[in-house]
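A structural walkthrough
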Amino acid sequence: GDSVTQMEGPVTLSEEAFLTINCTYTATGYPSLFWYVQYPGEGLQLLLKATKADDKGSNKGFEATYRKETTSFHLEKGSVQVSDSAVYFCALMNNNAGNMLTFGGGTRLMVKP
Amino acid sequence: GAGVSQSPSNKVTEKGKDVELRCDPISGHTALYWYRQSLGQGLEFLIYFQGNSAPDKSGLPSDRFSAERTGGSVSTLTIQRTQQEDSAVYLCARDPGGETYEQYFGPGTRLTVT
């Protein structure tokens, strides 16, 4: 079946540091890929997405590129802020299988001033 | 917001009792998904509805779990004879349709079984 693997946290960074959270997937067909974010005390929010190979999703300074050859969708940000502290979830949607999301385990990011 | 409301926000129940969780998406005719977020299992799919039909119930953990949707809008997830392992946050998401492939999540219901 489909699966998503992402790096375990917590990831602790100082403000303005570079962020990478690794995500790899296993799926049949050509899934769409997503990053969701859950800020403390809040619900799950869509951060960015990519629906086909080589697409780059971007939002709020975050980027991720859909790499079919390496089955990866790593999340990056050039300069993190304290307000980016949250749990980040990588997910895939297999468009041939009902469009439900399969999530990775989540990565907690803590940014210190 | 995400256009999805869920109630109650918190529910504490005794083991063996039945509970009903409600999801109300902003607009009626969209696909609707239920997920569960627990410490041990992470985020996992439970069931989805297209209109009032549930084409895929494969994620329901046991026959104690059931769900329905009426009028293509409100959905109810029912857990019978609750067990402690049912304790989790139950999330509902709407998919507006088309080819956006996006899902918008409600705030969730935190269920605690004592």
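Okay, so let's go over this structure. Treat the numbers as computed from the prediction; the structure is a model and nothing was measured. (Residues numbered from 1 in each chain as written. Chains lettered and ligands numbered in written order. Predicted model: local features only at pLDDT ≥ 70, side-chain atom pairs only at ≥ 80, totals over all residues. Heavy atoms only, no water.)

1. So, the overall build of chain B
- Broken down by element type, chain B carries 0 helices and 11 strands.
- Secondary structure elements of chain B occur, N-terminal to C-terminal, as β-β-β-β-β-β-β-β-β-β-β.
- Dimensions of chain B along its principal axes, counting C-alpha atoms only, are 40 × 25 × 25 Å.
- When the 114 residues of chain B are sorted by exposure, 49% land in the buried category. (Helix = DSSP H or I, 4+ residues; strand = E, 2+ residues; numbered from the N terminus. Buried < 20%, exposed > 50% of the residue type's maximum accessible area, 1.4 Å probe, protein only.)

2. Notes on the interface of chain B and chain A
- Contacts between chain B and chain A engage 14 residues on the former and 16 residues on the latter.
- Buried area between chain B and chain A, summed over both chains or domains, comes out near 1400 Å², and the portion from carbon and sulfur atoms is 60%.
- Of all residues in chain B, the largest losses of buried area upon contact with chain A belong to B:Leu43, B:Tyr101 and B:Phe105, amounting jointly to 43% of the total for that side.
- Where chain B touches chain A, the interface holds 1 salt bridge. (Contact = heavy atoms within 4.5 Å. Buried area = accessible area lost by both parts, 1.4 Å probe. Salt bridge = Lys/Arg side-chain N within 4 Å of Asp/Glu carboxyl O.)

3. What about the pairing of strand S5 (residues 42-50) of chain B?
Residues and elements named next belong to chain B.
- Extensive coverage of S5 is indicated by the burial of 7 of its 9 residues.
- Taking the residues that link successive antiparallel strands as the turn, the strand S4 (residues 31-38)-S5 hairpin has 3 residues.
- Here S5 runs beside strand S6 (residues 53-56); their pairing, made up of 2 bridges, is antiparallel. Opposite Tyr-48, over in S6, you have Asp-56 as the bridge partner. (Pairing = 2+ DSSP bridges.)

4. A look at the sheet that holds strand S7 (residues 56-59) of chain A
Residue and element names in this part refer to chain A.
- Here we have 4 strands laid out as an open sheet, ordered S3-S9-S8-S7, and antiparallel in their pairing. Two strands in the sheet have a free side with no partner beyond their single neighbour: strand S3 (19-21) and S7. Direction aside, the axes of adjacent strands within the sheet are offset by 15° on average.
- Bridge count for strand S8 (residues 62-65) against strand S9 (residues 75-77) is 3 bridges, and the pairing is antiparallel. Within S9, the residue paired with Glu-63 across the bridge is Glu-76. (Axes fitted to C-alpha atoms, helices over the stretch in contact; angles between N-to-C directions.)

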